[in-house]
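Chain and residue survey
Listed below, chain by chain, are the residues.
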Amino acid sequence: MISKKIESAINDQILLEELSSRVYLAMASWCEVQGLQGVANFLYKHSDEERMHQLKLIRYLNDREGYAELQALPKPEIKCKDIEELFTQVLKHEQLVSKKINDLVDMSLEEKDHATFNFLQWFVSEQVEEESLVNNILAKIKLAGDSKMGKFHIDNFLASLDD
Ligand code: OFO
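First things first, this report covers the structure right here in the doc. (Residues numbered from 1 in each chain as written. Predicted model: local features only at pLDDT ≥ 70, side-chain atom pairs only at ≥ 80, totals over all residues. Heavy atoms only, no water.)

A separate point is the layout of surface pockets. Looking at the largest pocket, its volume works out to about 190 Å³. If you trace the largest pocket, you find it lined by Ala9, Asp12, Gln13, Leu15, Leu16, Leu19, Lys100, Asp103 and Leu104. Its residues placed into classes, the lining of the largest pocket shows 5 nonpolar, 1 polar and 3 charged. (1 Å grid on protein atoms, 1.4 Å probe; cavity = no way out; pocket = protein on both sides within 12 Å on 5 of 7 lines; lining within 4 Å. Points joined across faces, edges and corners; volume = space filled by probe spheres on them. Nonpolar A, V, L, I, M, F, W, Y, C, P; charged D, E, K, R; others polar.)

Below you can see the structure in the form of structure tokens.
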């Protein structure tokens, strides 16, 4: 049986993962209409991954006799002039998610909920991978520069990533 405090914090994380999925979906659509199909495909896949994270949390909470309750989502606003700005926003978002996961881990220890602590370790590792991936993409974008050829290379590079 999970405590009400942890149930509520996991429900907040479920909302954040769903929001991540939606933000990346909106970003993918924005890239697609700019002709950046490789970047769009990468973000569509990333959006699906976030949906899987949400589902993982939902099923864990329900398995622990909690109740995963969905909440309303805000409309994602895409405000960026280029893909460097877009991936800078992705990095900031992932850093926020990492912080929230760390807060949840802290709470699980405070509450002596070892099952939740153990469950969250997957998310801790996943966030390390995601931040590293986005940092790598940003470094490549900076290397490629502003030229049309640079954008073309980045689009191909992201199309080749398995995410
Ligand atoms: Fe859910 O891993 Fe990124 O945010």
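Back to the text.
Turning to its location among the elements, asparagine 11 is positioned in helix H1 (residues 4-33). From its side chain, asparagine 11 meets the backbone nitrogen of glutamate 69 in a polar contact 2.9 Å long. Excluding anything up to four places from it in sequence, asparagine 11 contacts Leu61, Tyr67, Ala68, Glu69 and Gln71. (Helix = DSSP H or I, 4+ residues; strand = E, 2+ residues; numbered from the N terminus. Polar contact = N/O pair within 3.5 Å; in protein donor to acceptor, adjacent residues only side chain to side chain. Contact = heavy atoms within 4.5 Å.)

This model, assessed by the stated rule, comprises 6 salt bridges. One salt bridge connects aspartate 113 with arginine 64, and the closest N-O pair in it is separated by 3.2 Å. Here aspartate 113 is found in the loop between helix H3 (83-110) and helix H4 (114-144), whereas its partner arginine 64 is found in the loop between helix H2 (37-63) and H3, with 49 residues between them in sequence. In this structure arginine 64 comes out as buried when scored by relative accessible area, which is 17%. Between lysine 99 and aspartate 103 there is a salt bridge, with its nearest N and O atoms 2.8 Å apart. Taken together, the residues lysine 99 and aspartate 103, both in helix H3 and 4 residues apart, mark about one turn of the helix. Taking relative accessible area as the criterion, lysine 99 reaches 48% and is therefore assigned partly exposed. Taken together, the salt bridges that share partners define one network made up of Lys81, Asp82 and Glu85. (Salt bridge = Lys/Arg side-chain N within 4 Å of Asp/Glu carboxyl O. Buried < 20%, exposed > 50% of the residue type's maximum accessible area, 1.4 Å probe, protein only.)

Turning our attention to the nonpolar core. Ranked by internal contacts, the top residues of the largest apolar core, which has 25 residues, are Cys31, Leu43 and Phe87. Only H1, H2, H3, H4 and helix H5 (148-160) provide two or more residues apiece to this core. The element contributing the most residues to this core is H1, with 6 residues. The contacts of phenylalanine 87, once residues within four sequence positions are left out, are Val39, Phe42, Leu43, Val134, Ile137, Leu138, Ile141 and Leu158. (Core = buried A, V, L, I, M, F, W, Y, C linked by side-chain atoms within 4.5 Å.)

A separate point is H4. With 31 residues, H4 should cover 45 Å at 1.5 Å per step; its first-to-last C-alpha distance of 46 Å lies within 8% of that length. Regarding H4, the residues found buried are Thr116, Phe119, Leu120, Phe123, Glu126, Gln127, Glu130, Leu133, Val134, Ile137, Leu138 and Ile141. Each element contacted by the buried residues of H4 is listed here: H1, H2, H3 and H5. One or two steps after H4, the chain reaches glycine 145, where phi turns positive at roughly 75 degrees. (Expected span 1.5 Å × (residues − 1).)

It is worth stressing that arrangement in space is one thing and function is another; only the former is reported here.
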